[in-house]
Amino acid sequence: MTAADTDVHGPVDFLLLEFPRSGLTGRAGEALQDLVQEGTVRLYDLTVISKDGDGAVEVLELTDPASGVGSFSWFAGARSGLISDSDMEQAAAAMEPDTVAALIVYENSWAIPFVAAARGSGGEVIASQRIPATDVAAALDALELG
């Protein structure tokens, strides 16, 4: 990235991933770590939230090995301030009981050169929306059947 590109950012997204407490394998954290190390994404925030069977919510400390965050502990200190208390409350409200969720804010850094080239040509984003993975899968399945 050149000095001129430092003001250019890729799309920034948030993701709330919910896991059944009994099915934690650590693979998701390892895959995210790979994406960060490869430069595919830049991680701004990662918060792990636990919701017990009675609905009690706890934000888990990523530096505490006893907290059960597993491979997400590699991201301890990933706090940009983009996740507010209100965001965490909304995330917890969306969770099912007896689950653990990772609330992640990340930049699609793979897109930075494209964004810089588009802006350098006078381009500006005028609309953007995430298409849910289930919709993409359904459309691709329909194409195969089609």
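Residues numbered from 1 in each chain as written. Predicted model: local features only at pLDDT ≥ 70, side-chain atom pairs only at ≥ 80, totals over all residues. Heavy atoms only, no water.

### Section: the overall build of the chain
Right, on to step 1. From N to C terminus, the chain includes four helices and four strands.
Right, on to step 2. Traced from its N-terminal end to its C-terminal end, the chain shows the element sequence β-α-β-β-α-β-α-α.
Right, on to step 3. Relative to its 146 residues, the chain shows a buried fraction of 31%.
Right, on to step 4. Roughly 9500 Å² of accessible area belongs to the chain as shown, and the carbon and sulfur atoms make up 56% of that amount. (Helix = DSSP H or I, 4+ residues; strand = E, 2+ residues; numbered from the N terminus. Buried < 20%, exposed > 50% of the residue type's maximum accessible area, 1.4 Å probe, protein only. Areas by Shrake-Rupley, 256 points an atom, 1.4 Å probe, with all protein chains shown as cover.)

### A closer look at helix α3 (residues 112-120)
Right, on to step 1. Restricting attention to buried positions, one finds in α3 the residues Ile112, Val115 and Ala116. Along α3, the residues classed as buried sweep out an arc of 100 degrees about the axis, all on the same side. In α3, those exposed residues whose orientation departs by more than 90 degrees from the buried face are Pro113 and Phe114.
Right, on to step 2. Check the buried side of α3 and you find it contacts β2 (42-51) and β4 (99-107). (Arc of directions from axis to C-beta. Contact = heavy atoms within 4.5 Å.)

### Some points on a nonpolar patch on the surface
Right, on to step 1. On the surface, Ile131, Val136, Leu140 and Leu143 cluster together to form a nonpolar patch covering roughly 410 Å² of accessible area.
Right, on to step 2. You can see Leu140 is positioned in helix α4 (residues 133-145). (Patch = residues over 30% accessible without salt bridge, like charges linked within 9 Å, V, L, I, M, F, W, Y side chains within 5 Å. Salt bridge = Lys/Arg side-chain N within 4 Å of Asp/Glu carboxyl O.)

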